[in-house]
Amino acid sequence: MSVAVTPPALRSFHSGRSAGWPPRPRVVMSVRSSNTVSAAPILIKLQRDCATPLPVLRHVADAMAADMRAGLEVDGGSDLKMILSYVDALPTGNEKGLFYALDLGGTNFRVLRVQLGGKDERVVETEFEQVSIPQELMFGTSEELFDFIASGLEKFAQKEAGNFCLPKGRTRELGFTFSFPVKQTSIDSGILIKWTKGFAVSGTAGKDVVACLNEAMKRQGLNMRVSALVNDTVGTLAGARYWDDDVMVAVILGTGTNACYVERIDAIPKLHGPNSKSGRTIVNTEWGAFSNGLPLTEFDIEMDAESINPGEQIFEKTISGMYLGEIVRRVLLKMAEDARLFGDCDPEKLRMPFSLRTPDICAMQQDSSKDFEVVGSILHDVTGVSSDLIARKIVVDVCDTIAKRGGRLAGAGIVGILQKMEDDSRGLVFGKRTVVAMDGGLYEHYPQYRSYLQDAVTELLGPEISKNIVIEHSKDGSGIGAALLAATNSMYQH
Ligand code: ADP
Ligand code: MG
């Protein structure tokens, strides 16, 4: 459901208590009339500042393509780092054998094993486990953290049975998905630039994280080595490509956002090393850092200024799950304080940064009841305010405005990547079926966001070309993707 942010909806703000008034007493606590007459101009200004008409989308797509080129030219050439993944052999479907994957990207780590059976049997069996990382290890030493992970891997490997089979005398091989900033130096080595996301482990920055893990596995007596170090977008692309040869781009829209794509080696001037056999490689754009020409509001600017990384990751702060709820919270707080949107309620909880989360705004947008009961109870439970029907309608319009801008800008970013690839290869992207593999909780759970994203892609490409561009949800493909990359980079193939 989408509540139109159009004159008819606004008219009801001005006419005051229109249809549906008074709201049911059981969901309305002690609400005095909300001052929706003065909240309406805040909403109208928000909608104007967040607008993404076709020329804005076009500008974002063009700027994304231009920034990609500049980042490929030279390191530091643009907002986009355009990191070389060293993945130049993509899964074909012929991979065979037992492979492991480890995903370290947040408060948990996931381990997975897969038995691959080649073209006919494909994935014979998979098993995975998730282990949460004790808080103290996030602040401990590098050795403590990697020993903990290696011991988790060792316990998991001990349970290898049934269809899982390691040929005698072989070492187990692992694809390592590591979602922290790394300066990759080869497919199986990468220097940690810095920990993020709450990790503050001493002694890892500046070290090769693959060596750290290999050494810990050795200390543990575990017969396993890292064959591929991969970013989660790269894992998603590889995982999706295994099933579909037309996958050329992967995008993550979750807590944060990122995208990677298949690039031609001869289109990467900054690459001086040995050429890849395939003539192609996956480039990790780190597109969250994009910032050119985005329609930003006072709320975005304040949120950025108060963030732990001001001036950085502006695209991420406009389109990704960590921030959409927070932007809405800031708008609602202004409406509460300046326009008494929630009557005389003190919006105390609404003053707490990040108290309103993206799943909350998503849930409010799904409310199709006549009197927006769900909106009322979420507002009450999460922010402590009471609301009348008119206030709830405004809240839904605010959520819709922020989700719409986010989804449409994400769509424009995707078109920017496709446009860059098309310009270098005339017809090889737009002239045939091309798949964008998509993963992440935001894309998965927010239907309005998803359809705004698709709308923008269709508007930008037109009805004919957009028929060729398939955006496909590839849920949790990155784990299998990492195991597949361990297979394509197996030491036993050379
Ligand atoms: P991560 O990005 O941390 O690897 P996910 O891909 O699972 O993890 O994405 C989690 C993010 O997805 C959350 O931070 C949230 O922003 C968003 N999300 C999760 N559930 C929902 C939901 N129901 N509606 C909208 N967004 C959601
Ligand atoms: Mg993730």
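Here the structure is a predicted model, which is why all the values come from computation and not from measurement.

Rules of the game
- Residues numbered from 1 in each chain as written.
- Chains lettered and ligands numbered in written order.
- Predicted model: local features only at pLDDT ≥ 70, side-chain atom pairs only at ≥ 80, totals over all residues.
- Heavy atoms only, no water.
- Helix = DSSP H or I, 4+ residues; strand = E, 2+ residues; numbered from the N terminus.
- Contact = heavy atoms within 4.5 Å.
- Areas by Shrake-Rupley, 256 points an atom, 1.4 Å probe, with all protein chains shown as cover.
- Domains from an automatic or database assignment.
- Buried area = accessible area lost by both parts, 1.4 Å probe.
- Axes fitted to C-alpha atoms, helices over the stretch in contact; angles between N-to-C directions.
- Parallel < 35°, antiparallel > 145°, perpendicular 65-115°, else oblique.
- Nonpolar A, V, L, I, M, F, W, Y, C, P; charged D, E, K, R; others polar.
- Near = heavy atom within 4 Å.
- Polar contact = N/O pair within 3.5 Å; in protein donor to acceptor, adjacent residues only side chain to side chain.
- Buried < 20%, exposed > 50% of the residue type's maximum accessible area, 1.4 Å probe, protein only.

Okay, the overall build of the chain next. Scanning the chain from terminus to terminus reveals 16 helices and 13 strands. In the chain, the proportion of contacts linking residues at least 24 apart, taken out of those at least 6 apart, comes to 73%. With an accessible surface of roughly 20200 Å², the chain has 53% of that area assigned to carbon and sulfur atoms.

What follows is about the domain arrangement of the chain. When its domains are assigned, the chain resolves into domain 1 (39–82 + 244–475) and domain 2 (86–230). For domain 1 and domain 2, the distance between their C-alpha centroids amounts to 30 Å. Counting residues at the interface gives seven residues for domain 1 and five residues for domain 2. For the pairing of domain 1 and domain 2, the buried interface totals around 490 Å² over both sides, and the portion due to carbon and sulfur atoms is 49%.

With that settled, consider the packing of helix α12 (residues 373–383) against helix α13 (residues 389–425). Look at α12 against α13: their axes get within 10 Å of each other, and the N-to-C directions meet at 85°. Overall, the two elements α12 and α13 adopt an arrangement that is roughly perpendicular. Along its contact with α12, which presents E373, V375, G376 and L379, the element α13 presents R392, V395 and V396. Classifying every residue of the contact of α12 with α13 by side-chain character gives four nonpolar, one polar and two charged.

Moving on: the site of ligand 1. Taken together, G254, T255, G321, M322, T358, P359, C362, G440, G441, L442, H445 and Y446 make up the full set of residues adjacent to ligand 1. A distance of 2.7 Å is found between an oxygen atom of ligand 1 and a side-chain nitrogen or oxygen belonging to T255. In this structure, an oxygen atom belonging to ligand 1 sits 3.2 Å away from a main-chain N or O atom of G321. The protein chains hide 60% of the 570 Å² of surface that ligand 1 would expose on its own. Among the elements of the structure, α10 (321–339), α11 (358–365) and α14 (441–445) are those that each provide at least two residues to the shell around ligand 1.

The next subject is the side chain of K317. Summarising the element assignment, K317 is placed in helix α9 (residues 314–319). In this structure K317 comes out as buried when scored by relative accessible area, which is 4%. Ignoring sequence-local partners within four residues, the contact set of K317 consists of M303, D304, S307, N309, P310, G311, E312, Y323 and I327.

Attention shifts here to unusual backbone geometry. For Q313, which is not a glycine, the phi torsion comes out positive at approximately 55°. Along the polypeptide, Q313 turns up in the loop between α8 (298–305) and α9. Positioned with a positive phi, R340 is a non-glycine residue whose angle comes to about 50°. Relative to the elements of secondary structure, R340 occurs in the loop between α10 and α11.

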